[in-house]
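Geometric and topological summary
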Amino acid sequence: MKNPNPSSYKNFRKGLQQLLDEGAVQMLRAKGDEGNEDPILAAVGQLQFDVVQRRLLDEYSVESKLEPLPYTIARWVTGPGDPWTALEGCGRIFNVFEAKDRWNRPVLLFKNEWSLNQIIEDHAELELAPWAFAPIEEE
């Protein structure tokens, strides 16, 4: 998702953060992105994206531009052991976009079931989950 109007950057970020906190969508970033690139939003369906765009406009007075990506499947790397170490142990992975969620956990994005099944077959040791809970915050 992009903010087409740089002058409304602050409201765009504030609105997007509020919607993320509410769980309207999930935000991912490219593996090497330290927060400077456009966020990748993940949702179950198109309606969630439409709701986010409408609420950004209605509640925060900011326009947004949705640029769909070709990925349809997400899997969180959960192990074995440290997820990033497990992922690095696989070496170069093809037909996969490596991302991270807002808690810096590795997420693999696949274009289709075939690509997912290829990773499962080639890297059987890699533990993948179709979803991940937010970390428990200690008080």
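The rules behind each value
- Residues numbered from 1 in each chain as written.
- Predicted model: local features only at pLDDT ≥ 70, side-chain atom pairs only at ≥ 80, totals over all residues.
- Heavy atoms only, no water.
- Helix = DSSP H or I, 4+ residues; strand = E, 2+ residues; numbered from the N terminus.
- Buried < 20%, exposed > 50% of the residue type's maximum accessible area, 1.4 Å probe, protein only.
- Contact = heavy atoms within 4.5 Å.
- Areas by Shrake-Rupley, 256 points an atom, 1.4 Å probe, with all protein chains shown as cover.
- Pairing = 2+ DSSP bridges.
- Axes fitted to C-alpha atoms, helices over the stretch in contact; angles between N-to-C directions.
- Core = buried A, V, L, I, M, F, W, Y, C linked by side-chain atoms within 4.5 Å.
- Expected span 1.5 Å × (residues − 1).
- Arc of directions from axis to C-beta.
- Phe/Tyr/Trp six-rings, centres within 6.5 Å; stacked < 30°, edge-to-face > 60°.

1. Notes on the overall build of the protein
- The secondary structure content of the protein amounts to 4 helices and 6 strands.
- Across the protein, helices and strands are ordered from the amino to the carboxyl terminus as α-β-β-α-β-α-β-β-α-β.
- Dimensions along the principal axes, computed over C-alpha positions, put the protein at roughly 45 × 40 × 25 Å.
- When each of the 139 residues of the protein is scored for burial, the buried share is 35%.
- When contacts within the protein are restricted to residue pairs at least 6 apart in sequence, long-range pairs at least 24 apart make up 61% of them.
- Accessible area for the protein stands at about 8,900 Å²; split by element, carbon and sulfur atoms hold 51% of it.

2. Considerations on the sheet that holds strand β4 (residues 97-101)
- Across the sheet, which stays open at both edges, the 6 strands sit in the order β2-β1-β4-β5-β3-β6 with antiparallel pairing between neighbours. For this open sheet the edge positions go to β2 (40-42) and β6 (127-129), each flanked by a neighbour on one side alone. The mean angle between the axes of side-by-side strands here comes to 40°, regardless of whether they run parallel or antiparallel.
- In this sheet, strand β5 (residues 106-110) lies alongside β4 in antiparallel orientation, the contact comprising 4 bridges. By the bridge assignment for β5, A99 is matched with V107.

3. A look at the side chain of S64
- In this structure, S64 sits in the loop between α2 (46-60) and β3 (73-79).
- Contact partners of S64, with chain neighbours within four places excluded, come to M1, K2, P4, F12, Q53 and L56.

4. Re the nonpolar core
- Ranked by size, the top nonpolar core spans 14 residues in total, and within it M1, F12, L41, V52 and L56 carry the most contacts.
- For this core, the elements supplying multiple residues, two or more each, are α1 (9-22) and α2.
- Non-local contacts of L41, meaning those with residues more than four positions away in its chain, are made with M1, L16, V25, Q26, M27, F49 and V52.

5. Quick look at α1
- Taking 1.5 Å of rise per residue, the 14 residues of α1 would be expected to cover 20 Å, and the 20 Å separating its terminal C-alpha atoms lies within 8% of that figure.
- Every buried residue of α1 is listed here: F12, G15, L16, L19 and L20. Summarising the axial view, the buried residues of α1 lie within an arc of 140°, below the 170-degree limit, and thus occupy one face. Turned more than 90 degrees off the buried face of α1, the exposed positions are K10, K14 and D21.
- The secondary structure elements touched by the buried residues of α1 are β1 (26-30), β2 and α2.
- A positive phi of about 85° marks G23, the residue just after α1.

6. Section: the packing of aromatic side chains
- By the definition in use, this model includes 2 aromatic pairs.
- With a centroid separation of 5.6 Å and an interplanar angle of 35°, the aromatic rings of Y71 and F97 are classed as tilted. Here F97 lies in strand β4 and Y71 lies in the loop between α2 and β3, a separation of 26 residues in the sequence.
- The partly exposed category is assigned to F97, whose relative accessible area is 23%.

7. Let's talk about the pairing of β3
- Counting buried positions over the 7 residues of β3 gives 5, a clear majority of the element.
- Note that β3 and β5 share 4 bridges and pair antiparallel. Bridging from a neighbouring strand, R75 pairs with L108 of β5.
- Pairing analysis gives 3 bridges linking β3 to β6, with the strands arranged antiparallel. Directly across from W76, in β6, lies its bridge partner A129.

Coordinates in, geometry out; function isn't part of it.
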